[in-house]
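Take a look at the letters that make up each chain.
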Amino acid sequence: MNIPFCGCCTCGAIRYECASAPIAALNCHCRDCQRSSGAPFASGVVVMTTDLQVSGTPKTYSVRGSSGGLTTRSFCSECGTPLCTWGEANPAFTSIRFPSLDDPSAFQPLLDIWTSSAQSWVCLDQRLPHFPQSPPAAE
């Protein structure tokens, strides 16, 4: 992935640029990601929140996550494109939904998380590490 990298919503009302390389690229199978994506999982790149610049004003929606803290998702209020997710549990990190990338072909997932909630008919890539919930924090 070229740095910086950029993306936007479908209608172009919201644009973003990230000044650093992603920390991770993943597929999340939790029920909240299934509902918010309208798909069996949500895929995205995780970046440092401080390295992300957003132009435009996305709408947000927050839900109580498995950590007990709030998870907030942003999306374009005009076209509905899902954009980013961040949470109280790890506020230093933001996940950007890969379909919003200007070059989504650069996305390559490195792991699957919350596979305990994966739909039984989803074919998980056996080359990737799978975690039943969130992966353990690095020490």
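Bear in mind the structure is a predicted one, so any value in this text is a computation, not a measurement.

Colleague: Can you lay out the overall build of the protein chain for me, pointing to particular residues and giving the numbers?
Modeller: Of the regular secondary structure elements, the protein chain holds one helix and ten strands. N-terminal to C-terminal, the α/β element order of the protein chain is β-β-β-α-β-β-β-β-β-β-β. Taking 2.2 N^0.38 as the reference for a compact globule, 139 residues should give roughly 14 Å; the C-alpha atoms of the protein chain span a radius of gyration of 14 Å, in line with that estimate. Taking the principal axes of its C-alpha atoms as reference, the protein chain extends roughly 35 × 35 × 30 Å. Looking at the protein chain as shown, the accessible area adds up to about 7900 Å², and 55% of this sits on carbon and sulfur atoms. Distance between charge centroids for the protein chain: 10 Å, based on 8 positive and 10 negative side chains.

Colleague: How would you sum up the sheet that holds strand β1 (residues 5-8)? Please name residues and give values.
Modeller: Judged by pairing direction, the sheet is antiparallel, and its three strands sit side by side in the order β1-β2-β5 without closing on themselves. A single partner strand is all that each edge strand has here, and the edge strands are β1 and β5 (52-55). Here the strands of the sheet are splayed against their neighbours by 15° on average, with no regard to which way each runs. As paired strands, β1 and strand β2 (residues 15-18) are joined by four bridges and run antiparallel to one another. Residue pairing for β2: Phe5 is matched across the bridge by Cys18.

Colleague: Give a description of the pairing of β2 that names residues and reports values.
Modeller: The alternating pattern of β2 places Tyr16 and Cys18 on a buried face and Arg15 and Glu17 on a face that is not buried. From the end of β1 to the start of β2, which pair antiparallel, there are six residues, and Gly12 there has a positive phi angle of about 85°. Strand direction decides the pairing type here: β2 and β5, joined by four bridges, are antiparallel. Bridging across to β5, Cys18 finds its partner in Leu52.

Colleague: Describe the environment of Phe107, with residues and values.
Modeller: For Phe107, the position within the fold is in the loop between β9 (93-97) and β10 (111-113). We classify Phe107 as buried; its relative accessible area is 9%. It is 7.2 Å that separates the C-alpha atoms of Phe107 and Ala25, two residues lying 82 residues apart in sequence. Setting aside anything within four residues of it in sequence, one finds Phe107 in contact with Ala25, Leu26, Asn27, Ser43, Gly44, Val45, Phe98 and Leu101.

Colleague: If you had to explain the sheet that holds β10 to someone new, which residues and values would you point to?
Modeller: Pairing is mixed in the open sheet, where seven strands are placed in the order β6-β7-β8-β9-β4-β3-β10. At either margin of the open sheet sits one strand with a lone partner, and together these are β6 (59-64) and β10. Direction aside, neighbouring strands of the sheet carry axes that sit 30° apart on average. Pairing analysis gives five bridges linking strand β7 (residues 70-75) to strand β8 (residues 82-87), with the strands arranged antiparallel. Bridging across to β8, Thr71 finds its partner in Gly87.

Cut-offs used in this document
Residues numbered from 1 in each chain as written. Predicted model: local features only at pLDDT ≥ 70, side-chain atom pairs only at ≥ 80, totals over all residues. Heavy atoms only, no water. Helix = DSSP H or I, 4+ residues; strand = E, 2+ residues; numbered from the N terminus. Rg over C-alpha atoms; globule rule 2.2 N^0.38 Å. Areas by Shrake-Rupley, 256 points an atom, 1.4 Å probe, with all protein chains shown as cover. Lys, Arg positive; Asp, Glu negative; His and termini not counted. Charge placed at Lys NZ, Arg CZ, Asp CG, Glu CD. Pairing = 2+ DSSP bridges. Axes fitted to C-alpha atoms, helices over the stretch in contact; angles between N-to-C directions. Buried < 20%, exposed > 50% of the residue type's maximum accessible area, 1.4 Å probe, protein only. Contact = heavy atoms within 4.5 Å.

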